[in-house]
Amino acid sequence: MTFKIKRILLIATILVAAVGVTIMLGKMKPPPETRDREDLALLVETMPIEAGTFRFSITSQGIVKPLTETILSAEVSGAIVKMSPRFVAGGVFAADEVLMQIDAANYTVAVEQAEAFLTQRQIEFDGARTLEERGYRAGAEVASAAAALASAKAELVRAKRNLDRTVIRLPYAGMVRAKEVDLGQYVTVGSRLGVAFATAIGEVRLPLTNSDLAFVDLPAPGVASSPGDTDGAKVTLIAEYRGRQATWPALIARTEGVVDERSRMTYVVARIDDPYGLNARESKLPPLPMGTFVTAAIEGTSVTNAIRVPRHALRGNNELMFVSTDERLHIREVDVLRMEGGYAYIAEGVAVGDRISLTAIESPVNGMRVRVEENNDDQRIVAEDSRQQ
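Residues numbered from 1 in each chain as written. Predicted model: local features only at pLDDT ≥ 70, side-chain atom pairs only at ≥ 80, totals over all residues. Heavy atoms only, no water.

Visitor: Which residues make up the sheet that holds strand β10 (residues 186-187), and what values go with them?
Guide: If you walk across this open sheet you meet the four strands as β8-β7-β5-β10, and the pairing is antiparallel. Two strands in the sheet have a free side with no partner beyond their single neighbour: β8 (167-169) and β10. In the sheet, strand β7 (residues 98-102) pairs with β8 via three bridges, with the strands oriented antiparallel. The residue of β8 that forms the bridge with Val98 is Arg169. (Pairing = 2+ DSSP bridges. Helix = DSSP H or I, 4+ residues; strand = E, 2+ residues; numbered from the N terminus.)

Here's what the structure looks like:
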């Protein structure tokens, strides 16, 4: 036997031995552990549906403006000889307080002349009537004297009114917005003197959408509440005052009764009494200056038997994912009554006792199997009474 053949036999022997050892070691290895097949269904969080009574809050924005604002103009000509120290921008004045006075010398003389002229015409008329009674004067002459007397009376009334117009005053308590003349300045008829407004009532013009109108109790067009009335939807005005958020109570006083052609909004007017707190001796509310931009929270009407769900549970605008008792997913359209804050309020398409999925699913399929997360009672959203809204 040659060396080459011996070498081949040795290599073959080693290979056979290695295979035998491998087979023997494989038989000695313990069998692998068996595990139950895991359920790969998607784990979802669910919420049971419950009905409740809710009161919505309608949000709008506007600017506080006075109910009454007056542009003061001169009705007679002359120099301003007197001016109230309160007639400055921001000055507060009382009703019928003299704000300024125009030189009345010429108008006082005019009144005295009119009085003297009236006395003369009265004497002429009395004399003409006496002569008529005695037959010395015709009736036409008496009538002419009567007409002259009436003209003299009218002239006296005009002179007195012009004298009264030299005193500038307003029939309400208010505040001066702008002062446009000063002491010693000569003004003519129609000259602008300043701007003032009443401080008793402030108003905020609030735009509402057509969907908002369904949840607000508004007065009929043409019907407006009077100062002191407590009827009307309650409004809370919110704004910053000296760096802090403050609130003021108000009421919906009236609706303008028309729809804006450009924005398609309906405007309602909220009224706030005594916005500057000038009439309340111990008012705890801060003043609400005119021109303040405010956010208005309007108390809406109550809705019964409504379903409230988290807004993120909706797919699109009107779909919810329901989980059946056999843990299958079903997608249905619902009638969304209103969306407010983080919630959507459902009118139709759901029933009390249904379960909806709160878990976002990228590509849900009707009938797909899911697993319901257990012990999620803390996540349940229970319908609240309207008094807790």
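Text resumes after the structure shown.
Visitor: Pulling in residues and values, what's your account of the packing of aromatic side chains?
Guide: Throughout the structure, instances matching the rule amount to five aromatic pairs. A centroid spacing of 5.2 Å and a plane angle of 70° characterise the contact between Phe54 and Tyr345, whose relative ring orientation is edge-to-face. Of the two residues, Phe54 is situated in strand β3 (residues 51-66) and Tyr345 in strand β20 (residues 343-348); the sequence distance between them amounts to 291 residues. You'll find Phe54 and Tyr345 in the same group, each marked buried. For the pair Phe56 and Phe215, a centre-to-centre distance of 4.9 Å together with 80° between the ring planes defines the contact as edge-to-face. Placement of the pair is Phe56 in strand β3 and Phe215 in the loop between β12 (201-208) and β13 (234-241), with a sequence separation of 159 residues. (Phe/Tyr/Trp six-rings, centres within 6.5 Å; stacked < 30°, edge-to-face > 60°. Buried < 20%, exposed > 50% of the residue type's maximum accessible area, 1.4 Å probe, protein only.)

Visitor: So what about the pairing of strand β9 (residues 174-179)? Which residues, and what values?
Guide: The pairing of strand β6 (residues 92-93) with β9 spans two bridges and is classified as antiparallel. Residue pairing across strands places Phe93 opposite Gly174, the latter belonging to β9. Bridge analysis of β9 against strand β11 (residues 192-198) gives five bridges, and the strand direction is antiparallel. Among the inter-strand pairings, Val176 is bridged to a residue of β11, identified as Ala196.

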